[in-house]
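# Descriptive structure summary
Spelled out, the chains give:
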Amino acid sequence: MNKVSSFFKIEERQSSISREIIGGITTFLAMAYILAVNPSILSGAGIDVPAGTFPTWNGVFTATAISAAIATLVMAFIANLPIALAPGLGLNAFFTYTVVLGMGCSWQLALTAVLLEGILFIILSICGVREAIIKSIPDGLKKAVAVGIGLFIAIIGLANAGIVSTETGTLIGFVNFNLANKAAIVAILGLIITIVLYTLNVPGSILIGIIVTTIIGIPFGVTTIPEGFKPFTLPSAPHFLAFDFKGIVIDKATGNFSGLVLGKFFIIFFTFLFTDLFDTIGTLLGVAEQGNLKDENGNVLNAKGALLADAIGTVAGACLGTSTVTSFVESSSGVAAGARTGLASLVTAVLFLLSLFLSPLFSLIPSAATAPALIFVGYLMMKAVTGIKFDDPTEGIPAFITIMTMPFSYSISKGIMWGIISYVIAKCAGKKIKEIPVVTWILAVIFVADIIFEALK
């Protein structure tokens, strides 16, 4: 145990092995839904025929679990950070609904774009380009990113549990807590339990909350145990190396070279690249701020290794047959449970591997049970707001826009984009141009160009 503690610097980060294990389990439970959701979304692209109900025993399920485990293991041993990775939501939807169904590309071509994006990310990570981008983001915006992510995952939790809905007669509102909304009632009970346990300083309060809420869900019918339930199963083979490099330049209708097809591919490639880049950066900044995982200069610890983890995970995922792998914001629930090192990531990775054989057990945990953890983490990440200089409009306004945009746009990357643009505008208006880092100027120009490009499409 001493060797484990020394390797992961557990005592140095004021943690313990038990806290790391609890944190790793908590993170896994908070993001285990991806094992069901990712195969469901990608099946729409034709990669696998939908099985109808979870567990979905197909190649995408296997690819999801293995790619998540590989990337999270890299995070554990190279970056030593409590951040887990898996195929990202939003990116898998873009893969299916925009690239395959909308643009008419094959899923093999989409996987090829994901592979090349991952390879470029590995190069950029090794060269320190992505790390330089993180360091260029002003301190106030880093804190705002943490707060924005907190609100973002809180609203994810509220939506997952059915506590908020667009069917309330308003843009979004709380549902009525009656027997028609059993999941919402169970989630609220779980949130109350989590609050009480945390206030009483009970170790592993968030994880205990998830387990107890799952049990409470049984009499409500929210936690269901299917007939003929079998806790063990064997995984299917993934779609290994199912790439289409010819499709990058060959029009499948004519069989000839097409500059138009090549241009379409680059649009797909750069969309994957752009979204993944800033989703990952936002998650790293948010979790580092929450867990105080920063060096003496206020930068994310081992940022290069962390960025390399999602790049390697993306390449591995593409080779196995799934969309872009990225850092999961649900990692903040594990940090809230006490995780501070890569040991927590190691635990999460092991659980992803076990899920290949035990996923029916994990599938019993309903969204209503993990929702309280996500909602509660919103409170924990809100603490960073006290470090933002709201009395200075050149700092406060960009921070507010960053915080506001993430939950309302349902996107971490858009929050960073509008935060940086507004930061440059505010600093210029406040005659503080010298305070704007060069890389921040470059990012602002790229973001504005992206907005114009999207408007002209």
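### Here's the deal with the overall build of the chain
Assigned secondary structure in the chain consists of 18 helices and four strands. Since a compact globule built from 457 residues should have a radius of gyration of about 23 Å, the 22 Å found for the chain is in line with a globular shape. Dimensions along the principal axes, computed over C-alpha positions, put the chain at roughly 60 × 60 × 60 Å. In the chain, buried positions account for 55% of the 457 residues.

### Re the side chain of Asp310
Within the element layout of this structure, Asp310 appears in helix H12 (residues 303-320). With sequence-adjacent residues up to four places away left out, Asp310 is seen in contact with Leu85, Phe121, Arg130, Asp276, Thr280, Val325 and Thr326.

### Brief notes about the nonpolar core
Counting 124 residues, the largest nonpolar core has Phe95, Phe272, Phe278, Ile281 and Phe352 as the members making the most contacts within it. In this structure, Phe352 is in contact with Phe28, Met31, Ile34, Leu35, Ala65, Ala68, Ala69, Leu85 and Ala86, ignoring residues within four places of it in sequence.

### Re helix H2 (residues 17-31)
With 15 residues, H2 extends 21 Å between its outermost C-alpha atoms, agreeing within 8% with the 21 Å of an ideal straight helix rising 1.5 Å per residue. Turning to H2, its buried residues number three or more, namely Glu20, Gly23, Gly24, Thr26, Thr27, Phe28, Leu29, Ala30 and Met31.

### Points about the packing of aromatic side chains
By the definition in use, this model includes nine aromatic pairs. Centroid distance Phe7 to Phe77: 6.0 Å. Interplanar angle 55°. Geometry classified as tilted. Here Phe7 is found in helix H1 (residues 2-7), whereas its partner Phe77 is found in helix H4 (residues 59-79), with 70 residues between them in sequence. Judged by relative accessible area, which is 44%, Phe77 ranks as partly exposed.

### Re the environment of Ala32
Considering the arrangement of structural elements, one finds Ala32 in the loop between H2 and helix H3 (34-43). Expressed as a C-alpha distance, the spacing of Ala32 and Ala86, which sit 54 residues apart in the sequence, is 9.5 Å.

### Considerations on unusual backbone geometry
Even without being glycine, Lys9 reaches a positive phi, approximately 55°. For Lys9, a relative accessible area of 40% puts it in the partly exposed group. A positive phi angle, close to 55°, is found at Lys431, a residue other than glycine. You can see Lys431 is positioned in the loop between helix H17 (412-429) and helix H18 (438-456). Residue classification places Lys431 among the exposed residues on the basis of a relative accessible area of 78%.

### Quick notes on the layout of surface pockets
One water molecule sets the probe size; rolling that probe over the atoms shows where empty space is left. Quantified by volume, the second largest pocket comes out at close to 830 Å³. Listing elements by their share of the lining of the second largest pocket, those giving two or more residues are H2, helix H9 (182-199), helix H10 (205-220), helix H11 (259-291), helix H13 (331-336) and helix H15 (367-382). The residue inventory of the lining of the second largest pocket, partitioned by class, reads 15 nonpolar, ten polar and eight charged.

### As for empty space enclosed by the protein
Under the defined criterion, the tally for this structure stands at two cavities of 30 Å³ or more. In this structure, the largest cavity occupies an estimated 50 Å³ of space. Take the lining of the largest cavity: its biggest share by element is three residues, from H11. For the lining of the largest cavity, a count of residues per class yields three nonpolar, two polar and three charged. Surrounding the second largest cavity, Ile137, Leu141, Val145, Thr402, Gly415, Ile416, Gly419 and Ile420 form its lining. For the lining of the second largest cavity, the elements supplying multiple residues, two or more each, are helix H8 (139-160) and H17. When residues in the lining of the second largest cavity are grouped by element, the largest group, four residues, is from H17. Of the residues in the lining of the second largest cavity, the class split is five nonpolar, three polar and no charged.

### Looking at the pattern of salt bridges
Per the counting criterion, the structure on display carries six salt bridges. For the salt bridge of Lys143 with Asp139, the shortest nitrogen-to-oxygen distance reads 2.9 Å. Residue Lys143 and its partner Asp139 are both found in helix H8; the two are separated by four residues, about one turn of the helix. Put simply, Lys427 and Glu435 hold a salt bridge, and the shortest N to O gap is 2.5 Å. Residue Lys427 is classed as buried on the basis of its relative accessible area of 0%. What emerges from the salt-bridge pattern is a single network uniting Asp139, Lys143, Glu289 and Lys294.

### Observations concerning the packing of H2 against H10
Relative to each other, H2 and H10 sit at 45°, their axes nearing to 9 Å. Here H2 lies oblique to H10, going by the angle between them. Handedness of the crossing formed by H2 with H10: left-handed. Within the contact between the two elements, H2 uses Ile22, Ile25, Thr26 and Leu29 and H10 uses Ile206, Leu207 and Ile210. Here the residues of the contact of H2 with H10 are counted per class, giving six nonpolar, one polar and no charged.

What counts as what
Residues numbered from 1 in each chain as written. Predicted model: local features only at pLDDT ≥ 70, side-chain atom pairs only at ≥ 80, totals over all residues. Heavy atoms only, no water. Helix = DSSP H or I, 4+ residues; strand = E, 2+ residues; numbered from the N terminus. Rg over C-alpha atoms; globule rule 2.2 N^0.38 Å. Buried < 20%, exposed > 50% of the residue type's maximum accessible area, 1.4 Å probe, protein only. Contact = heavy atoms within 4.5 Å. Core = buried A, V, L, I, M, F, W, Y, C linked by side-chain atoms within 4.5 Å. Expected span 1.5 Å × (residues − 1). Phe/Tyr/Trp six-rings, centres within 6.5 Å; stacked < 30°, edge-to-face > 60°. 1 Å grid on protein atoms, 1.4 Å probe; cavity = no way out; pocket = protein on both sides within 12 Å on 5 of 7 lines; lining within 4 Å. Points joined across faces, edges and corners; volume = space filled by probe spheres on them. Nonpolar A, V, L, I, M, F, W, Y, C, P; charged D, E, K, R; others polar. Salt bridge = Lys/Arg side-chain N within 4 Å of Asp/Glu carboxyl O. Axes fitted to C-alpha atoms, helices over the stretch in contact; angles between N-to-C directions. Parallel < 35°, antiparallel > 145°, perpendicular 65-115°, else oblique. Left-handed = near helix turned anticlockwise from the far one by under 90°.

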